[in-house]
Amino acid sequence: MSQAFRDAITAPNTRAPAEWCADNVRLVYGSALAPTFSTAMSPWVEEPLNEFFDNANREIVFLGPVGGGKTTMIEAMLSHIVAEDNGPTLVTGQTDSDVRDWAESRMWPVFNANEATSSMLPSRRDKVRKDAIMFDHMPLYLTGANMSGLQSKSIRFLIGDEAWMWETGMIAEFRERMHRRWNGRRLLTGQASFVDDDYHRAFKAGELREWSFECPECGAVQPFIFKQLRWPEEGTNAERAAGCRYHCAACDAGFDDNVATRRDLVQSGRYVVKRAAEMPGHISFHFNVLTLWRASWADTVAAWLNAQDTLRRGDSTELEKLIQKQLAEFWDGEMSINRPAIDEFDGRVEDYADGAEIDDEARRFLTIDVQRDHYWAAIRAWRADASSVLLWYGRVNTEETLEELRQKYNVPTEHTYIDTGYDTGRIYDIICRYGWCGIRGDKARRFQHSRKGRKTDKLYSPIKTALAPCAARARYFFVATDPIKDILARLRGGEGAKWEVVGGVTKAYASQVDSEAREEFLAPKTNQPQSHWVKKKRDNHAWDCEVYQVAAALVWRLFGD
Ligand SMILES: [Zn+2]
C-alpha cells in the first residue's frame, strides 16, 4: 500500500483517540511519572492506539518489551471504547484469574476515576461482575485464553493480552469471535514467544512498523538495534556494560548512555514501515527495550554478557529470556546452539571410503541411531590418546546396507553399536544376525562393576544379554547418557582431545550434531537447581551417534581406565 493511499484512508481520525485519552483517562494506580494518561513519556504507544480505532484495520499486533506500556494502552483503549466508540468488547488474558485480577485492581478503578466512563457504569451491582460489566450500551467481557471463555459471543473489539503465553489454537478461537463485523478489531499484545508459533504467525501477517529514531548527526532514520551498541573488551561484565555507547548505523556517531541522550533519541522517534502486510488490514508494531529511555542501555548489555557466559556453559535460558522479554524478538531454538566451527581433518570422505586408516589409529566404531523406517550411522576412527576423526555420517535405509557399510570401512563386528531404545525386539534380532552390540541410554549417573571382588564405578554397565525374538541372545549394555554428553560437549567445544571431521561429510551432520544444550531446572522434590541435556532441534541423530561413539571409546578404554 502506498504511503499516500494509507494517509488518505487513515488521516480523518489519526491522533483523535490518543488525544481523547490524554484529556480524559486518569490512571489511578501507582505510576509516578504519568498520573494521567499521556503518550509524551511513551510516544511509541500513540500510533498503535490510533490505528486500533481505525475501521480500515482488522488486527493490530503490539509487540514490545516488558514495561513497554501495553497495559496502560489497553486501559486507555477500553476507556475510549466505553465512552466514545462502543461495541461488544472482550478482553482475553492468559487465564481467567489473570484478567479478572487486573480488571478489579486496575481497570474498574480507571473507569470510576474518569467522568466520561464513570457516568456510564451500571448502578445495579449484579451488572458489575467478576467476568463482565454489562453497560447499558455494551457488554464488556473478561476471560482467559481457553475454549469455554472464547466461545459463542459476537464481539466488535477483541483485546488479547499476554498472547505469547496462549496455547496453540487460542488465537484462532479469539479471531472467530469477530463474526465478520465490518468494523470489528483485534489487538494482540505481549512480549515475543517462539519462532513459528501462533503469535509469531500473527505478527508476521501484519505490515511491519519498526519504532525508529532519527540520528541527530546525520539524520538517518533507523530502528534501535542491539548490535549497534559497543562496549570495551576489558573488565568485568558490569564494567564493560557501563562503558557502552550506541552507534548510528549510517554515520557511526556514538551516543552516551545517559537519560537525556536516550530521551532525545526517543523523542525523535516514529514508526517506519519495513515490510508489507501478508493479510490486508493487519498491522504489527515492534519496539524493544532500547526504546524504554528510562532504563539504561548498560543494563541490557550486562544482561547480554551474563547470558553469553551461561550459554558457554551450555545453558541458553538467560539468552532466551533476554531476547523474548527485552528485545521482543521471537526465539529460535537454534540460536542457543551457537558453537564454534568443527575442526576439519586434513582429508576427505572419499580418501577413507575404502577402509584406509588414519595416522596412529587404535580403533574405529560404527554407531547407529534407530528410526522407525531408517537409520542414521556414524563411523569415527580413534587414536590411543582419545583424539578422533569422523570418517562417515549419513542416513541408511536398511540393516543390510549398514552391514555393507561396516564391511567397506573394516569396522569389526564387535565395534558396531546400535541403539536398542526403540523397536527393541527387532533390533535384538539384527544384533544376533550380524554379531553387533546393543547400546541403551539410561538416566543413571554411574554403573557398578565388580571384578575379582573389587568394585568400580563406570559410565557404562557391564555387558548384558537378552533373549531376542529369534531365540538367540543379544548382547547390549547401558550408558549414563548425561555424563557422556558432557564429555562429548567438551570434545565438541575443543576443550578435550582433538575431535575432528573429514571434509565432505553430509551437511546434515553439522546441523544435527549441535542439537542439544544443557538446561537448568528445579528438581521437583528438593527444589534444587539441576541441569540436564535437552533436545533443541528435532533432528539430533548425529549428536546421538556421537554420544554412542564416546560411550564405545570409554568401553575400549581410550580415555584411560
Ligand atoms: Zn548518523
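Keep in mind it's a predicted model, so treat the numbers as computed, not measured.

J.: How should the overall build of the protein be read in this particular structure?
T.: When helices and strands are tallied, the protein shows 17 helices and 26 strands. Counting only C-alpha atoms, the protein reaches 90 × 55 × 50 Å along its principal axes. Buried residues in the protein amount to 51% of all 561 residues. The long-range share in the protein, meaning contacts at least 24 apart out of those at least 6 apart in sequence, stands at 68%.

J.: Is there a simple way to explain the coordination of the zinc ion in this structure?
T.: Think of it this way: four donors in a tetrahedron around the metal ideally sit 109.5 degrees apart, and six in an octahedron ideally sit 90 or 180 degrees apart. The coordination sphere of the zinc ion contains the protein donors C215 (SG), C218 (SG), C248 (SG) and C251 (SG), at a distance range of 2.3 Å. All donors to the zinc ion come from one chain, and their sequence spacing reads C-x2-C-x29-C-x2-C. Of this pair, C218 sits in the loop between β7 (207-214) and β8 (221-223) while C251 sits in the loop between β10 (245-247) and β11 (254-256), and the two are 33 residues apart along the sequence. C218 sits in the partly exposed class, given a relative accessible area of 40%. Residue C251 is classed as partly exposed on the basis of its relative accessible area of 35%.

J.: How do you make sense of the sheet that holds strand β9 (residues 229-230) when you look at a structure like this?
T.: In sheet architecture, strand pairing relies on hydrogen bonds along the backbone and comes in two forms, parallel and antiparallel. On the basis of which strands lie adjacent, the open sheet formed by three strands has the order β9-β10-β11 and antiparallel pairing. Only two strands of the sheet have a single partner each, and these edge strands are β9 and β11. Where β9 meets β10, two bridges bridge the pair, whose relative direction is antiparallel. By the bridge assignment, L229 is partnered in β10 with Y246.

J.: Before we go on, may I ask you to explain the pairing of strand β5 (residues 157-160) in this structure?
T.: One face of the sheet, then the other: side chains in a regular strand alternate in exactly this way. Every second residue of β5 is oriented toward a common face, with F157 and I159 on one face and L158 and G160 on the other, all of them buried. Two strands pair when backbone bridges link them, and strand β2 (residues 89-93) and β5 are joined in this way by four bridges, in the parallel orientation. By the bridge assignment for β5, V91 is matched with I159. A crossover connection joins β5 to the parallel strand β6 (residues 185-190) through helix α7 (residues 170-176); in handedness this β-α-β unit is right-handed.

J.: What should I look at first to understand the pairing of strand β21 (residues 454-458) in this one?
T.: As paired strands, strand β20 (residues 447-451) and β21 are joined by five bridges and run antiparallel to one another. Bridging from a neighbouring strand, Q448 pairs with D457 of β21. The hairpin turn running from β20 into β21, its antiparallel successor, is two residues long, and K452 in that turn takes a positive phi close to 50°.

J.: Could you clarify how one ought to interpret unusual backbone geometry in this entry?
T.: It is generally the case that most residues other than glycine have a negative phi and that most peptide bonds are trans. The phi dihedral of A386 falls on the positive side, at around 75°, and the residue is not glycine. Structurally, the position occupied by A386 is in the loop between β16 (375-383) and β17 (388-396). The residue R557 is not glycine, and still its phi comes out positive at about 60°. The topology assignment puts R557 in the segment after α17 (541-555). The class of R557 is partly exposed, set by a relative accessible area of 43%.

J.: Sorry, what's going on with the domain arrangement of the protein here?
T.: Per the domain assignment, the segments of the protein are domain 1 (15-205) and domain 2 (343-555). Using only C-alpha atoms to locate each centre, domain 1 and domain 2 end up separated by 53 Å.

J.: Would you explain the pattern of salt bridges in this entry?
T.: It is possible for side chains of opposite charge to pair when their charged atoms get near one another. This structure, assessed with the given rule, holds 26 salt bridges. Residue R209 pairs with E47 through a salt bridge whose shortest N-O separation is 2.7 Å. Here E47 lies in helix α3 (residues 46-52) and R209 lies in strand β7, a separation of 162 residues in the sequence. Its relative accessible area of 27% is what places E47 among the partly exposed residues. Taken together, the salt bridges that share partners define one network made up of E47, E51, E207 and R209.

J.: Explanation requested: the nonpolar core in the structure shown.
T.: Burial of nonpolar side chains together is a common tendency in soluble globular proteins. Judged by nonpolar contacts, the single largest core of 69 residues is most densely connected at W44 and L78. Among the elements that line this core, the one with the most residues is helix α4 (residues 70-83), at eight residues. Those residues within four positions of W44 in sequence are excluded, and the remaining contacts are F62, G68, W211, V266, Y271, F287, T291, L292 and W293. Listed in part, the 68 residues of the second largest apolar core include W382, A466, I487 and W499.

J.: Please clarify how helix α15 (residues 481-492) should be interpreted in this entry.
T.: Along an α-helix, a turn takes 3.6 residues, which lines up residues three or four apart on a common side. Along its 12 residues, α15 runs 16 Å from first to last C-alpha, staying within 8% of the 16 Å computed at 1.5 Å per residue. Among the 12 residues of α15, 10 are classified as buried, and the element is accordingly described as predominantly covered. The complete set of buried residues in α15 reads T481, D482, P483, I484, K485, D486, I487, L488, L491 and R492. Just downstream of α15, G494 is the residue with a positive phi angle, here 75°.

J.: I would appreciate a short explanation of the confidence of the model for the protein in the present structure.
T.: When pLDDT drops low, the exact placement of atoms in the prediction is not to be read closely. Summary statistics for the protein give a mean pLDDT of 89 and a share of 91% for residues scoring 70 or more. For the stretch residues 7-14, pLDDT sits under 50, and the model shows eight contacts to residues farther than four places along the chain or on other chains.

J.: Can you help me understand the packing of α4 against helix α5 (residues 96-113) in this one?
T.: Pairs of packed helices are described in terms of their axes, by the angle between the two and the distance that separates them. Viewed as axis vectors pointing N to C, α4 and α5 meet at an angle of 50°, and their least axial separation amounts to 10 Å. The angle between the axes of α4 and α5 places the two elements in the oblique class. The handedness of the crossing between α4 and α5 comes out as right-handed. Every residue of α5 that contacts α4 at T71, T72, I74, E75, L78, S79 and V82 is listed here: W102, R106, M107, V110 and F111.

J.: How should the sheet that holds strand β15 (residues 361-370) be read in this particular structure?
T.: In spatial order, the strands read β14-β24-β17-β16-β15-β18-β19-β23-β22; together these nine strands make up an open sheet with mixed pairing. Strand pairing shows two members of the sheet lacking a second neighbour, β14 (344-348) and β22 (464-467), which therefore form its edges. This sheet shows a mean twist of 35° between the axes of neighbouring strands, independent of strand direction. Pairing geometry for β14 and strand β24 (residues 499-503), over two bridges, is parallel. When the bridges of β24 are listed, R348 appears paired with G503.

J.: Teacher, can you tell me more about the packing of aromatic side chains here?
T.: Summed over the entire model, instances satisfying the criterion amount to 30 aromatic pairs. Judged by centre distance (6.3 Å) and plane angle (75°), the rings of W44 and W211 are edge-to-face. Residue W44 is located in the loop between α2 (16-24) and α3, and its partner W211 is located in strand β7; the two are separated by 167 residues in the primary sequence. Relative to F287, the ring of W44 lies with its centre 5.7 Å away and its plane at 35°, an arrangement referred to as tilted. Separated by 243 residues along the polypeptide, W44 in the loop between α2 and α3 and F287 in the loop between β13 (282-286) and α11 (297-312) bring together distant segments of the chain.

Definitions and cut-offs
- Within every chain, residues take consecutive numbers counted from 1 along the sequence as written.
- Where totals are concerned, whole chains, interfaces and linings use all residues; where local detail is concerned, this predicted model gives features only for residues with pLDDT of at least 70, and gives and counts side-chain atom pairs only at 80 or more.
- Only hydrogens and water are set aside when side-chain values are computed; all heavy atoms of the structure are taken into account.
- Secondary structure elements follow DSSP: runs of H or I no shorter than four residues count as helices, runs of E no shorter than two count as strands, and numbering proceeds from the N terminus.
- In this scheme, a residue with accessible area under 20% of its type's maximum is buried, one over 50% is exposed, and one in between is partly exposed, where area comes from a 1.4 Å probe on protein chains only.
- In this description, contact between two residues means that some pair of their heavy atoms is separated by no more than 4.5 Å.
- Ligating atoms shown are N, O and S within 2.8 Å of the metal, or 3.2 Å for Na, K and Ca, and water is not included, meaning a site may look less than complete.
- At least two DSSP bridges between two strands are required for those strands to pair.
- Consider the strands pointing away from the viewer: the crossover is right-handed when the path from the first strand over the helix to the second runs clockwise.
- All the domain ranges listed were derived from an automatic or database domain assignment.
- By definition here, a salt bridge exists when the distance from a side-chain nitrogen of Lys or Arg to a carboxyl oxygen of Asp or Glu is within 4 Å.
- In these notes, a set of buried Ala, Val, Leu, Ile, Met, Phe, Trp, Tyr and Cys residues joined through side-chain atoms within 4.5 Å is what counts as a nonpolar core.
- Here the expected length of a helix is defined as 1.5 Å per residue gap, with one fewer gap than residues.
- A score from 0 to 100, pLDDT tells how confident the predictor is in each residue.
- Geometry is summarised by axes, namely lines fitted to C-alpha atoms with helices restricted to the contacting stretch, and by angles between N-to-C directions that run from 0 to 180 degrees.
- Here is the rule for angles: anything less than 35 degrees is roughly parallel, anything more than 145 is roughly antiparallel, 65 through 115 is roughly perpendicular, and the remaining ranges are oblique.
- Handedness of a crossing follows from how the near helix is turned relative to the far one, being left-handed for an anticlockwise turn of less than a right angle and right-handed for a clockwise one.
- Within 6.5 Å between ring centres, the rings of Phe, Tyr and Trp (the latter by its six-membered ring) count as paired, and their orientation is classed by plane angle as stacked under 30 degrees, edge-to-face over 60, tilted in between.

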